[in-house]
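# Descriptive analysis of the structure
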Amino acid sequence: MPYFRSLQWSWFFMAMTNVYGETLHKFCTEHRSLNHLVVVTQNLDYILYAMYWCTFIASVLTLKPGLIRFQLSQHMWSIVSVCVVVFQSKFFAQNTLNGLFWFFFPFATVIMNDVPAYFVGISCGRKFISTPFLALSPNKTWEGFIGAFLGTLVFSFFFPALLAQFTWFTCPADGLYIWPLPGALTCTPNPVFVQTLINLPLLGPTWLYP
């Protein structure tokens, strides 16, 4: 299929620009250092419209007799895959711009779920519970699952309190930086990062993050 990879990347680039264009325009508008990009971002709809027709015409021109059904199926799979990946990641990017905490903490939690699951499963697997955990993955054990559950529970309670001490994790982005050591971020912290006095049963008044 001629130029198939180039066309795939073209569809991907258009999907990315379409999904993130509005967010990028709002971000550039709200930050004075990026105002020079507003001329481009405010016309993204026209740019995307022209790119769409160019890519569509290029896709049609690459069709070959005898391969049309196969080529169309490949193009459709490419477009569906791009949409599934790109549109889901839009919300991921928006959360990241609201503070690196929303990017770093979920990833760290996944890692901390895997680590105790592996080590507890290796050291204690099938020594206490012989019942298979999951037929689809026979190497997984109940001991590993329980160890991962408890490890993640403890980690998720204490680790956010550590991250909440650093404004680079809790403050929304105020610009795009290339320099590896930009200045400190300052902002009014989100209420979830402010300790609150909560009256707990048995423990009484305790300072916790909501």
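Our structure is the block above this text.
Attention in this report is confined to the structure presented alongside it. (Residues numbered from 1 in each chain as written. Predicted model: local features only at pLDDT ≥ 70, side-chain atom pairs only at ≥ 80, totals over all residues. Heavy atoms only, no water.)

## Quick word on the overall build of the protein
In terms of helices and strands, the protein carries 7 helices and 2 strands. When the helices and strands of the protein are listed from N to C terminus, the series reads α-α-α-α-α-α-α-β-β. Computed over its C-alpha atoms, the radius of gyration of the protein comes to 25 Å, more than 25% above the 17 Å expected for a compact globule of 210 residues. In terms of overall dimensions, the protein has a C-alpha envelope of 70 × 55 × 30 Å along the principal axes. Counting over 210 residues, the protein shows a buried share of 24%. Within the protein, contacts between residues at least 6 apart in sequence are counted, and of these 54% link residues at least 24 apart. For the protein, the computed accessible surface area is about 15200 Å², with 71% contributed by carbon and sulfur atoms. Taken together, the 9 basic and 6 acidic charged side chains of the protein have centroids lying 14 Å from each other. (Helix = DSSP H or I, 4+ residues; strand = E, 2+ residues; numbered from the N terminus. Rg over C-alpha atoms; globule rule 2.2 N^0.38 Å. Buried < 20%, exposed > 50% of the residue type's maximum accessible area, 1.4 Å probe, protein only. Contact = heavy atoms within 4.5 Å. Areas by Shrake-Rupley, 256 points an atom, 1.4 Å probe, with all protein chains shown as cover. Lys, Arg positive; Asp, Glu negative; His and termini not counted. Charge placed at Lys NZ, Arg CZ, Asp CG, Glu CD.)

## A closer look at the state of the cysteines
Working definition: the covalent bond between the sulfur atoms of two cysteines is a disulfide. All chains considered together, the criterion is met by 1 disulfide. Residue pairing for Cys 171: its cysteine sulfur links by disulfide to Cys 187, the two sulfurs lying 2.0 Å apart. Note on the Cys 171 and Cys 187 pair: the S-S dihedral is about -85°, so by sign convention the disulfide is left-handed. Remark: Cys 187 occurs in the loop between helix H7 (167–170) and strand E1 (196–200) and Cys 171 occurs in the loop between H7 and E1; sequence separation between them is 16 residues. According to the relative accessible area criterion, Cys 187 is partly exposed, its value standing at 32%. (Disulfide = S-S within 2.5 Å.)

## Some points on helix H1 (residues 4–30)
Here H1 spans 39 Å end to end across 27 residues, near enough to the 39 Å set by a 1.5 Å rise per residue. Of all the bends in H1, the greatest measures close to 50° and is centred on Tyr 20. Among all positions in H1, only Phe 4, Leu 7, Trp 11, Met 14, Ala 15, Thr 17, Val 19, Tyr 20, Gly 21, Phe 27 and Cys 28 are buried. Against the buried residues of H1 lie helix H2 (38–41), helix H3 (44–61) and helix H4 (68–97). (Expected span 1.5 Å × (residues − 1). Bend = angle between axes of the 7 residues up to and from the residue.)

## Digging into the packing of aromatic side chains
On inspection of all chains with the given rule, the structure shows 18 aromatic pairs. Geometrically, the ring pair formed by Phe 104 and Phe 159 is tilted, given 6.0 Å between the ring centres and 40° between the ring planes. With Phe 104 in helix H5 (residues 101–124) and Phe 159 in helix H6 (residues 142–163), this residue pair connects regions lying 55 residues apart in the sequence. You can call Phe 159 buried: its relative accessible area is 17%. In textbook terms, an aromatic cluster arises when at least three aromatic residues are bridged by ring pairs, as seen for Trp 11, Tyr 49, Tyr 52, Trp 53 and Phe 56. (Phe/Tyr/Trp six-rings, centres within 6.5 Å; stacked < 30°, edge-to-face > 60°.)

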